[in-house]
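Commentary on secondary and tertiary structure
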Amino acid sequence: MSQHLGVIGLGSLGANMARLLAEDGYTVHAYDLDPARTAAAAEQAGVTGHNSARAVAEKCDLILLSLPQSEAVAVACLEPGGLIEGARRSLLVVDTTSGYPERTKEIAAQLAEAGVRYVDAAITGEEGGAKALPKRALTFCVGGSDADVAEARPILERMARFVFHVGPLGAGQIVKMVNNMVGSAAGVAAIEGLLIAAKHGIDVKMAAQVLDKGTGMNFFCRHPDFALTPGVVGGFQLGLMTKDLRHMSEFARRSDVPAVVTDHVFHLFELFVRDQGYGADVLRQVDVMQKWAGVKLDGTLLD
């Protein structure tokens with residue numbers, strides 16, 4: 001593989017991908033719609049900023065996408081100035097976006113007409129993707145052909161603890177939606193339960209430890225400080241999690257699977273966003289639930 005890699009989308013994840021791959025000796029070609037993000041990434045040794053996705057594609061044999069949603073992927077890939085205009089035949093696009101699998105397949109089909117290959121490599125991690133990436137401890141769930149995933153794997157493994165090839169194109173994003181739904185549902189249940197414990201004077205860290213060693217184990221019980229520390233940052237937008245839950249709700253219906261839990265959690269997150277704002281950190285759900293319960297997790301009663 002060429003030593004020239006592309007990264008399109010330079011938010012917290014994309015910028016860190018560019019930095020880590022440059023540290024590993026790759027020449028990284030980077031682009032974001034926000035010129036300030038592109039300029040900031042280009043301050044890293046080994047990273048060259050460009051003014052379009054097309055310009056990145058002209059330099060690379062593999063491009064990582066790190067974008068907020070599928071329509072942003074469509075713009076970066078297919079619109080004027082998109083990577084399809086500059087792509088070499090056999091370019092491999094590795095899409096780490098939490099996108100909608102059916103839309104991903106549509107984009108990939110259009111790129112395939114130009115000889116561009118595509119895999120989806122959705123991101124998660126034991127502490128969430130934003131905290132795992134700087135430690136090179138991501139978990140990738142990847143969808144695509146055996147050959148394309150095998151080609152992408154050495155790059156993904158530089159940033160990951162685990163790389164799972166879960167099925168054909170789109171399968172990685174399906175598993176990521178399932179992950180976010182299960183994690184969100186368990187998280188809401190854990191916070192609700194721990195608030196009940198707090199209201200009755202029970203030490204929440206002790207209660208969380210019991211759950212972690214019992215059948216109630218989940219993220220917030222494994223890492224109670226994420227819920228207990230005021231203002232702690234999870235590194236993912238509340239609105240983006242809500243988007244993922246909406247996708248899961250829609251996809252469950254298309255799959256003819258009852259979405260009783262998914263729909264309930266999705267609507268809860270809609271209320272969290274209404275209270276805190278789309279761009280709030282995902283852990284601000286804790287603030288909303290404390291307000292509803294009239295108690296903080298440390299046992300302090302609220303007026």
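Quick note: structure is the one above.
Reference entry: report on the structure contained in this document. Keep in mind it's a predicted model, so treat the numbers as computed, not measured. (Residues numbered from 1 in each chain as written. Predicted model: local features only at pLDDT ≥ 70, side-chain atom pairs only at ≥ 80, totals over all residues. Heavy atoms only, no water.)

1. Things to note about the sheet that holds strand 3 (residues 47–49)
One open sheet holds the eight strands; their spatial order is 3-2-1-4-5-6-7-8, and the pairing between them is mixed. Every interior strand has two partners, whereas the edge strands, strand 3 and strand 8 (160–167), have only one. Here the strands of the sheet are splayed against their neighbours by 25 degrees on average, with no regard to which way each runs. Of the pairings in the sheet, the one linking strand 5 (residues 92–95) to strand 6 (residues 117–124) comprises four bridges and is parallel in character. Each residue of the ladder has a partner; that of Leu92, found in strand 6, is Arg117. (Pairing = 2+ DSSP bridges. Helix = DSSP H or I, 4+ residues; strand = E, 2+ residues; numbered from the N terminus. Axes fitted to C-alpha atoms, helices over the stretch in contact; angles between N-to-C directions.)

2. Structural notes on the nonpolar core
The nonpolar side chains of a soluble globular protein tend to be buried, and buried together. One finds Phe220, Leu238, Leu245, Phe269, Phe272 and Leu297 to be the most contacted residues of the largest nonpolar core, which totals 38 residues. Broken down by element, the residue count for this core peaks at 10 residues, all from helix 9 (residues 171–199). If you look at the next biggest cluster of nonpolar residues, it comprises 33 residues, including Ala30, Val94, Ile123 and Ala160. (Core = buried A, V, L, I, M, F, W, Y, C linked by side-chain atoms within 4.5 Å. Buried < 20%, exposed > 50% of the residue type's maximum accessible area, 1.4 Å probe, protein only.)

3. What to know about the pattern of salt bridges
Within this structure, the stated rule accounts for 23 salt bridges. Notably, a salt bridge pairs Glu23 with Arg136, separated by 3.8 Å at the nearest N-O pair. Taken together, the residues span a long stretch of sequence, with Glu23 in helix 1 (residues 12–23) and Arg136 in the loop between helix 7 (129–132) and strand 7 (138–143) at a distance of 113 residues. Its salt-bridge partner being Glu85, residue Arg54 comes within 3.6 Å of it at the nearest N-O pair. Of this pair, Arg54 sits in helix 3 (residues 53–57) while Glu85 is found in helix 5 (residues 83–86), placing the two residues 31 residues apart along the sequence. (Salt bridge = Lys/Arg side-chain N within 4 Å of Asp/Glu carboxyl O.)

4. Quick notes on the environment of Leu302
Along the chain, Leu302 turns up in the segment after helix 15 (285–293). Looking at Leu302, the relative accessible area reads 32%, which means it is partly exposed. In this structure Leu302 touches Gln290, Lys291, Gly294, Val295 and Lys296, once residues within four positions along its chain are discounted. (Contact = heavy atoms within 4.5 Å.)

5. Some words on the pairing of strand 5
What you see with strand 5 is no split at all: Leu92 and Val94 on one side and Val93 and Asp95 on the other are buried throughout. Bridge count for strand 4 (residues 62–65) against strand 5 is four bridges, and the pairing is parallel. If you follow Ile63 over to strand 5, its bridge partner there is Val93.

Remember that the coordinates give geometry; whether it matters functionally is a separate question.
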